Structure formats: structure tokens, C-alpha cells
Amino acid sequence: MSSSSAPPQPEPCLQYGYATRAEFEAAKTQTTSTSSVSPRVISVAVTGVGLVGSEFISQLLSLASPNPFRIVALSSSKHTLFSPQEELHQELAKLVKPSQDVVFVDNTSSENIASLYPPLLSSGIHVITPNKKAFSGDLGLFERILAASAESGAKFLNESTVGAGLPVISTLKDLVATGDKVRKIEGVFSGTMSYIFNNFSSGEQGGPSFSSVVRIAREKGYTEPHPADDLTGSDVARKLAILARFIPSLKEKVPLPAGYQSVPTTSLIPSGLASLTLSADDFVSRLAEYDVEFDQKRSDALKEGALLRYVGVVDVEEGIVKADLQKYPKNHPFATSLGGSDNIIMFHTERYSPRPLIIQGAGAGAAVTAMGVMSDLLKLL
Ligand SMILES: NC(=O)C1=CN([C@@H]2O[C@H](COP(=O)(O)OP(=O)(O)OC[C@H]3O[C@@H](n4cnc5c(N)ncnc54)[C@H](OP(=O)(O)O)[C@@H]3O)[C@@H](O)[C@H]2O)C=CC1
Ligand SMILES: N[C@@H](CC=O)C(=O)O
Ligand code: NA
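What you are looking at is a predicted structure, and each value in this text was computed from that prediction instead of being measured.

Rules used throughout
Residues numbered from 1 in each chain as written. Chains lettered and ligands numbered in written order. Predicted model: local features only at pLDDT ≥ 70, side-chain atom pairs only at ≥ 80, totals over all residues. Heavy atoms only, no water. Salt bridge = Lys/Arg side-chain N within 4 Å of Asp/Glu carboxyl O. Helix = DSSP H or I, 4+ residues; strand = E, 2+ residues; numbered from the N terminus. Buried < 20%, exposed > 50% of the residue type's maximum accessible area, 1.4 Å probe, protein only. Polar contact = N/O pair within 3.5 Å; in protein donor to acceptor, adjacent residues only side chain to side chain. Pairing = 2+ DSSP bridges. Axes fitted to C-alpha atoms, helices over the stretch in contact; angles between N-to-C directions. UniProt positions renumbered as here; feature names shortened; annotations may be inferred.

A. Structural detail: the pattern of salt bridges. Tallied over the entire structure, the rule returns 11 salt bridges. A salt bridge links Arg 286 to Glu 289; the nearest nitrogen and oxygen atoms lie 2.6 Å apart. Each member of the salt-bridge network shares a partner with another, and the members are Lys 132, Glu 224, Asp 235 and Lys 239.

Rendered as C-alpha cells:
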């Protein structure tokens with residue numbers, strides 16, 4: 001075991017939820033000690049131990065005995081336990097055997113880490129992640145992921161990239177694989193945007209300021225590491241690009257999104273902040289300067305008897321993929337049925353018609369996101 005920087009200190013262990021290295025080693029032993037009982041051992045390398053990553057580790061260690069998973073590496077951006085990060089790929093590849101699976105779990109939002117998926121998959125290492133970057137960025141990277149997975153048989157699973165733990169990707173894959181024709185997917189795809197507008201635009205006169213609800217959404221762990229990634233609509237655009245790429249028939253109408261940037265998206269960033277590079281803290285503080293503008297949008301909608309909701313659509317029949325802030329009458333499901341960080345996703349298909357298949361529930365937060373990652377991991381069994 002080695003550390004990529006300083007000799008091992010207690011601090012990294014604290015990041016992983018253990019008071020000392022000894023506790024961390026004990027937990028590791030707990031996950032490995034049952035390997036002789038379990039017919040299959042799955043080695044798990046975890047990169048990213050922030051909100052989602054630390055909750056994921058806690059869920060993994062809480063599995064009933066015998067626990068088939070063995071944590072073989074843990075990395076944050078500054079520390080790596082078990083193997084120096086630059087050697088991680090080679091070290092993991094050595095573990096791949098017919099009787100032993102190796103899984104790389106990426107709980108970061110890093111593009112650099114996402115670019116490692118093709119070589120990892122080519123080496124037979126499975127990839128599981130809530131990180132949207134690889135599936136919603138450059139189409140070439142996505143295609144290399146598909147090709148590497150098809151060639152080696154290693155799986156990539158990314159349920160938590162859309163709707164956090166809600167079974168959105170698996171449902172879409174099942175619909176497509178069983179021959180249903182997806183006509184349209186529409187809904188509220190951002191837990192942050194849902195929380196913001198469920199509270200900011202609730203139908204009451206007045207109400208909390210826009211910046212205050214953004215701040216709370218961040219405190220609750222719903223936002224991306226930088227909340228501007230939510231307010232630009234990019235996070236929703238990424239989710240729409242991911243869904244679009246899993247619907248083969250969309251290609252008959254429009255080219256698949258070359259990247260999330262090609263999805264028409266309405267940004268909620270005030271023009272005065274759009275060109276500034278601000279830290280997440282400064283961004284949320286400066287947002288308060290624009291509360292009056294958002295108050296105006298809220299009261300304009302209310303005069304029409306409507307509420308504001310940030311929605312996305314992949315309309316396969318019309319060949320439209322877009323994300324937008326819209327006004328909905330108070331009795332519309334997007335206006336009435338959502339609370340907290342709820343996502344609502346409606347699948348309109350040949351079979352689910354005229355009434356759509358609807359999935360609804362919390363769409364952000366560490367517990368539900370880690371659950372989606374954990375359920376992907378359990379699928380490998
Ligand atoms: N929060 C949520 O509700 C949801 C999150 N997701 C996705 O889950 C992922 C994680 O989100 P969240 O936990 O909230 O984010 P956090 O910012 O809390 O955690 C991200 C972690 O990644 C680490 N990291 C960043 N770059 C690297 C790197 N190059 N190598 C190793 N570690 C790195 C950071 O380490 P350090 O602290 O050292 O910088 C940090 O601990 C994101 O991709 C997000 O989009 C998906 C659905 C819902
Ligand atoms: N920031 C995202 C987290 C989940 O993808 C959101 O708010 O939905
Ligand atoms: Na999901």
C-alpha cells in the first residue's frame with residue numbers, strides 16, 4: 001500500500017469517514033474476510049469520496065455478510081490509498097481474472113477521470129458512475145466507451161447520471177430492448193431546479209428570494225460541485241444528451257447530440273454574472289444582486305395563473321431535444337405533484353399510450369444517488 005504524495009496520515013481516512021487509518025484497515029478487512037465464502041469476489045476501486053462517494057462507501061460497507069465486494073483503492077483529488085493514481089489502471093488490470101471482477105467506481109465530476117473509461121473497459125474493468133461527463137460530452141468518447149465495452153465484455157453502468165437513484169436509464173434500456181417505440185420523454189430532470197422552483201414559485205404571492213433557495217439547494221447537496229452548472233441548464237442538457245444517445249430511433253430524425261452543448265438550453269444565470277469566473281461561494285453570494293429580476297419572472301407567471309418549472313424534452317417524433325424554463329398552470333402535474341428535489345420523468349411510447357409511464361421521486365442528494373451507484377454494482381452480481 002502506498003500514498004501518491006505524503007506518507008499515509010490519518011487525514012485521508014477522515015475524508016473516507018474513518019477516524020483513523022486503523023479503523024479504515026479494519027473496515028477493509030471486513031469486506032475482504034468473507035471472500036473465501038463468496039463464490040465471486042468483486043474488487044472495487046473508488047475515485048471521488050465527496051458527498052456521493054462517502055455515502056456510497058458507507059452503503060457498500062453496510063451490505064449484509066457475506067459481502068462480495070472488496071475495496072482495493074480509494075482516491076480523492078489529492079490522496080490515493082492503496083496505489084499511486086498513475087499506476088491505478090495497471091494495478092487494477094492485474095486483478096482482472098476469470099473468477100474475479102474489477103470495478104472502477106467514479107464518484108467525481110471530472111472530465112479527466114471520464115476519459116479513462118475506454119482503456120479501463122478495454123482491460124476488462126467494469127465502470128460504474130454517476131458522473132455525466134463521459135456520456136454527455138464528446139460523442140467520440142461515448143462511442144469509444146461503447147466499443148471498448150462491446151469488445152472486452154466489461155460493463156459500464158450509469159444509472160445515477162439521470163434522475164439519481166430513480167430507475168430512469170434502466171427503464172429506457174428495457175423499453176428499447178423489448179421493442180417498444182419511444183415517442184417522447186419529458187420531465188423535470190434536475191433535483192436542484194425542482195427544489196428551487198417548488199419553493200420559489202409555489203403559487204403564493206411573494207415568497208423566498210431566488211438566491212436563498214439556490215443556497216439551500218446547495219446546502220442540501222442537490223447541486224453540482226459548482227451550482228452554476230445547474231443554473232446554466234447544462235446539467236439538464238447533459239441528462240437529455242444521455243437519454244437521447246440511448247434511443248436508437250432518434251437518429252432517423254436528427255443526429256445524436258454531438259455533446260450537451262448542442263442541446264438548446266435556457267440559462268438562468270443573470271447576464272451580469274455570465275462572463276465572470278466565480279468560485280461556488282462567490283457565485284451564490286453575487287446571485288442575490290439579481291433577486292429582483294427573478295421576483296419579476298415569478299409575479300409575471302402568477303398573473304397568468306401559472307408556476308415556473310424547468311423542464312426538458314426528448315421528442316423523438318419531432319426530432320427535438322431541449323431544456324427550458326416554462327410556465328405551467330397550477331393543476332399541471334409538474335406544478336402540483338412535485339416537492340423537495342423530485343424529478344418527474346414521463347415516457348410516452350407506443351405501448352405506454354395514451355397515458356405515459358411515469359417515474360417520480362427525489363432526483364438529487366447523496367443517499368439516493370449513492371443508492372443508484374450501489375444498485376448498479378449489485379447488478380454485476
Ligand atoms: N449530488 C447529487 O445529488 C448528484 C450527483 N451526481 C454526480 O455525482 C458526482 C459526485 O457528486 P458529489 O459527490 O455531489 O460531488 P463532490 O464535489 O461532493 O465530490 C466530488 C469528489 O470528487 C473528487 N475529485 C475531483 N476530481 C478528482 C480527481 N481527478 N481524482 C480523484 N478525485 C477527484 C473530489 O475530491 P477533492 O475533494 O479532493 O477535490 C470530491 O471529493 C458528480 O459527477 C455529480 O454530477 C449525480 C446525481 C446526483
Ligand atoms: N445537480 C444535479 C444532481 C443530480 O444529477 C441535480 O440537481 O439534479
Ligand atoms: Na437514475
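There's more to say after this.
B. Up close: the side chain of Ser 341. Following the sequence through the fold, Ser 341 ends up in the loop between helix H17 (333-336) and strand E10 (342-349). Residue classification places Ser 341 among the buried positions, given a relative accessible area of 4%. Here the side chain of Ser 341 touches Ala 364 through a polar contact of 3.4 Å, landing on its backbone oxygen.

C. Spatial organisation of the sheet that holds strand E7 (residues 182-188). Ordered by their spatial adjacency, 5 strands build an open sheet running E9-E8-E7-E10-E11, and the pairing between neighbours is antiparallel. The open sheet has two edge strands, strand E9 (320-329) and strand E11 (357-362), and neither has a second partner. Within the sheet, the average angular offset between the axes of one strand and its neighbour, ignoring direction, is 20°. Across 6 bridges, the pairing between E10 and E11 is antiparallel. Bridged to Ile 344 within E11 is Gln 360.

D. Molecular detail of the UniProt feature "domain: Homoserine dehydrogenase catalytic" (unreviewed entry) in the chain. UniProt marks residues 167-378 with the feature "domain: Homoserine dehydrogenase catalytic" (unreviewed entry), using the numbering shown here. Along residues 167-378 one finds 41% helix and 19% strand; the C-alpha atoms at either end are 14 Å apart.

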